[in-house]
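Observations on the model geometry
Spelled out from the first residue to the last, the chains are:
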Amino acid sequence: MRTAIFSLLAAAAFAQTPRPGVNYDESKAGGGSLPDLKLTTAEVWTNKRRTEILKLFEDHVFGKTPANIGKAKFEVTATKPDALGGIATRKFIHISLPDRPAWPGMDVMLYTPNDVKRAPCFAGLSFGGNHAVSKETDIPLSTRWMRESKEKHIVDHKATGATRGTESSRWPLEMILKRGFAVATAYYGDIEPDHADGWKDGLRAAVSKDGANTVWKDGDWGAIGAWAWGLSRIADYLQTDGRVDGGHLAVIGHSRLGKTSLWTGAQDQRFGIVISNNSGEGGAALMRRDFGETTAIITRSFPHWFTPKYANYAGNAAASPIDHHMLIALAAPRPIYIASAAEDHWADPKGEFLSGKSASPVYTLFGKKGVVADEQPATDTPVGDFIGYHVRTGKHDVTDYDWTQYLNFAARHWNR
Ligand code: GCU
């Protein structure tokens, strides 16, 4: 009994301790000297250097997406022409792999504005499922694995009806649709549940010859790679939907799904705009800064997100042949937006800005301007031309302020 009480008290004390040993001191941040982008001409970038950097990210960070996964099948399972009070058409599309029946498939929810013939579209994954993204109550409740949370009404890893709309503030659907854009989203857990053994019930085991007995080697893909693959299948579908302008697709993601959005945009150039919302370590933040979350922390807490080799750089970022400005550079010459939040020190807002700034010279090769600003701008002051950047007031989240900047950015680049 005494021991039980003691460990309860100890656990409470630990929970209140702000992540010990994490550097939040700017004077101790690193990152001064980054791997060289080795820029010569736009042509050499497109035909050679870009491919070399992509391979570095496969070998050292996210792993390689297998080439032999097979063709996906798309089935429109429901259409509602008067969604969201009549402003949109809502469709569900089931994506499966007929040759890989062990993968249960994913359900995409697509909203297209009713007053636009073919709308440019934002595509992104959610943390809570389609029923959490939208407040519409006729959306099927996800039956898949969920991260357990009492506050979020997830019991025994299953969503309850009380989770409806819980992610809706991060997906201001009306606002997006009224600006003439479509939105396509799916639950990341449909592709692969997000925990150490999640891959065994997800895409990676289903497409691996050793299934759930696979031993992951350096260069093999992790969960972020699997989620990114899912976003590319959403793009495949969107390019066949008559209500979507398949030539104008943007990929968006928050936090771990922001890392995923960057990796998706790096591999799949059909996404003409790439958006990283508070993606932090492993995403837009520079690993050499060692500010907030570090390579050591992330590869210890979430090894399943990456290829095993990424952990070699724990406590030794200087040995890595990449830093994350190179991940931003992989978007070039397409427009890319990096957003930070002022109180999100864990994600290192300044490191996110500096990777945009350090990637900017690649845009110069194409006669374009990147982030433009030399210093991180003041809060709530968006900057940048082909690399957009802002640091918003507040916490780690996606808000209407963030979306307003993304919509303005897309409207500017796509002449809407
Ligand atoms: C953790 C993790 C981050 C990640 C975040 C999220 O905080 O350390 O790297 O971005 O979760 O996805 O919400």
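Keep in mind it's a predicted model, so treat the numbers as computed, not measured.

Some points on the site of the ligand
- Taken together, Ser-255, Arg-256, Lys-259, Glu-293, Ile-298, Phe-302, Trp-305, Trp-346 and His-396 are the residues near the ligand.
- Measuring from an oxygen atom of the ligand, one finds a side-chain N or O atom of Glu-293 at 2.6 Å.
- Here an oxygen atom of the ligand and a side-chain polar atom of Trp-346 are 3.0 Å apart.
- Classifying every residue of the shell around the ligand gives four nonpolar, two polar and three charged.

Structural notes on the nonpolar core
- Counting 84 residues, the largest nonpolar core has Phe-57, Ile-234 and Leu-238 as its most contacted members.
- When neighbours within four sequence positions are excluded, Ile-234 is seen to be in contact with Ile-95, Met-106, Val-108, Ala-123, Leu-125, Ala-184 and Ala-186.
- Grouped together as the second largest cluster of nonpolar side chains are 28 residues, Ile-139, Val-398, Phe-409 and Trp-414 included.

Here we look at the pairing of strand β10 (residues 336–341)
- Among the six residues in β10, six count as buried, and that is most of the element.
- With burial as the criterion, each face of β10 is covered, one bearing Ile-336, Ile-338 and Ser-340 and the other bearing Tyr-337, Ala-339 and Ala-341.
- Relative to β10, strand β9 (residues 271–277) is paired through four bridges, and the arrangement is parallel. The residue of β10 that forms the bridge with Ser-276 is Ile-338.
- Both β10 and strand β11 (residues 387–392) contribute to a ladder of six bridges, which runs parallel. Paired with Tyr-337 across the two strands is Gly-388, which belongs to β11.

Comments concerning the packing of aromatic side chains
- Enumeration over the complete set of coordinates arrives at 21 aromatic pairs.
- Note on Tyr-188 and Trp-227: the rings are 4.8 Å apart at their centroids and 45 degrees apart in plane angle, and the pair reads as tilted. Placement of the pair is Tyr-188 in helix α5 (residues 188–191) and Trp-227 in helix α7 (residues 223–238), with a sequence separation of 39 residues.
- Judged by relative accessible area, which is 0%, Trp-227 ranks as buried.
- An aromatic cluster is built from Phe-57, Phe-62, Trp-263, Phe-302, Trp-305, Phe-306 and Tyr-310, whose rings are joined through pairwise contacts.
- Just above the ring of Trp-216 sits the side chain of Arg-204; from NZ or CZ to the centre is 4.9 Å.
- Residue placement shows Arg-289 over the ring face of Phe-291; its charged tip is 5.2 Å from the ring centre.

Looking at the pairing of β9
- Burial analysis of β9 places seven of its seven residues in the buried class, the great majority of the element.
- As defined by bridge partners, strand β8 (residues 244–254) adjoins β9 across six bridges and the pair is classed as parallel. Bridge pairing links Val-251 to Val-274 in β9.
- A crossover connection joins β8 to the parallel β9 through helix α8 (residues 256–267); in handedness this β-α-β unit is right-handed.

Let's talk about the sheet that holds β8
- Strand order in the open sheet made by the nine strands is β1-β2-β3-β7-β4-β8-β9-β10-β11, with mixed pairing throughout. This sheet does not close on itself; its edge strands, each paired only once, are β1 (73–83) and β11. Neighbour to neighbour, the strand axes of the sheet diverge by 20 degrees on average, direction disregarded.
- Relative to strand β7 (residues 182–187), strand β4 (residues 119–126) runs parallel, the two sharing six bridges. Looking at the pairing, Gly-124 lines up with Thr-185 of β7.

Points about the confidence of the model for the protein chain
- Mean pLDDT over the protein chain stands at 94; residues scoring 70 or higher make up 96%.
- Low confidence marks residues 1–17, where pLDDT is under 50. Its contacts with residues over four positions away, or in another chain, come to zero contacts.

Digging into the environment of Asp-36
- Positionally, Asp-36 belongs in the loop between α1 (2–16) and α2 (42–62).
- For the pair Asp-36 and Gly-265, spaced 229 residues apart in the sequence, the C-alpha separation amounts to 21 Å.
- Excluding its chain neighbours within four sequence positions, the residues that come into contact with Asp-36 are Arg-49 and Met-326.
- From its side chain, Asp-36 meets the backbone nitrogen of Lys-38 in a polar contact 2.9 Å long.

Rules used in this analysis
Residues numbered from 1 in each chain as written. Predicted model: local features only at pLDDT ≥ 70, side-chain atom pairs only at ≥ 80, totals over all residues. Heavy atoms only, no water. Near = heavy atom within 4 Å. Polar contact = N/O pair within 3.5 Å; in protein donor to acceptor, adjacent residues only side chain to side chain. Nonpolar A, V, L, I, M, F, W, Y, C, P; charged D, E, K, R; others polar. Core = buried A, V, L, I, M, F, W, Y, C linked by side-chain atoms within 4.5 Å. Buried < 20%, exposed > 50% of the residue type's maximum accessible area, 1.4 Å probe, protein only. Contact = heavy atoms within 4.5 Å. Helix = DSSP H or I, 4+ residues; strand = E, 2+ residues; numbered from the N terminus. Pairing = 2+ DSSP bridges. Phe/Tyr/Trp six-rings, centres within 6.5 Å; stacked < 30°, edge-to-face > 60°. Lys NZ or Arg CZ within 6 Å of the ring centre and 35° of its normal. Right-handed = clockwise from strand over helix to strand, strands pointing away. Axes fitted to C-alpha atoms, helices over the stretch in contact; angles between N-to-C directions. pLDDT = per-residue confidence, 0-100.

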